[in-house]
Amino acid sequence: TARPDPVNVGNRAIVGVLALALVALVGRWVPYRQAEPVPAHLMTETPLGITRALRETLTPGERVFNAQAWGSWIEFALPEHPVAVDSRIEVIPADVWQRYADVSRGGEGWQRILADWNVRVVALYPTQQPLLLDRMLRDADWTLTYRDDDGAVFVRR
């Protein structure tokens, strides 16, 4: 004859405690909806000051020219703003990479490329774009609006 398994309160308590522990652990990693998308101590290469400055400067849907190292971060933190490049190196056409490199090194015609791309706001990473930073500081068409240890934000006048 079939006999039902006995109900064990102890087993139910163990399952309940494990379920609560799992919810607590998963809850710790749910995407953040704070002023900053993720606490700084959980991220590296996240220019939080630059992100704040971009949030205050960009108009809705406006494109930003950014350092490649920050592309994915900016897409995450400011999803409504297209970036010049990000970490998906294989999907960006070679000619776009060439123009990105020309601008990033402050090469001849960098201003024209930014104008062609309709870029008004630039976020620079000094260790990756030192020549462009120097050229933009000296260019009368660009205004430095924010600077910290991570980098700088410029706006076209």
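Refer to the structure printed above.
Residues numbered from 1 in each chain as written. Predicted model: local features only at pLDDT ≥ 70, side-chain atom pairs only at ≥ 80, totals over all residues. Heavy atoms only, no water.

**Comments concerning the nonpolar core**
- Leu54, Phe65 and Val122 are the most contacted members of the largest nonpolar core, which totals 39 residues.
- Breaking this core down by element, the ones donating at least two residues are α2 (48-57), β1 (64-66), α3 (71-77), α4 (94-104), α5 (110-116), β2 (121-124), α6 (130-138) and β4 (152-156).
- Other than its neighbours up to four places away in sequence, Val122 contacts Phe65, Leu114, Met136, Trp142, Ala152, Val153 and Phe154. (Core = buried A, V, L, I, M, F, W, Y, C linked by side-chain atoms within 4.5 Å. Buried < 20%, exposed > 50% of the residue type's maximum accessible area, 1.4 Å probe, protein only. Helix = DSSP H or I, 4+ residues; strand = E, 2+ residues; numbered from the N terminus. Contact = heavy atoms within 4.5 Å.)

**What to know about the packing of aromatic side chains**
- Across all of its chains, the model carries five aromatic pairs by this definition.
- Pairing Trp73 with Phe76 gives two aromatic rings, centres 5.8 Å apart and planes at 45°, and the pair type is tilted. Note that Trp73 and Phe76 are positioned in helix α3 at a spacing of three residues, about one turn of the helix.
- Judged by its relative accessible area of 43%, Phe76 is partly exposed.
- Ring centres of Trp97 and Tyr100 lie 5.6 Å apart, and the angle between their planes is 90°; this geometry places the pair in the edge-to-face category. Here Trp97 pairs with Tyr100, and both are found in helix α4, just three residues apart, close to one helical turn. Tyr100 shares its class with Trp97; the two are buried.
- An aromatic cluster of at least three residues, connected via ring pairs, comprises Phe65, Trp97, Tyr100 and Trp117. (Phe/Tyr/Trp six-rings, centres within 6.5 Å; stacked < 30°, edge-to-face > 60°.)

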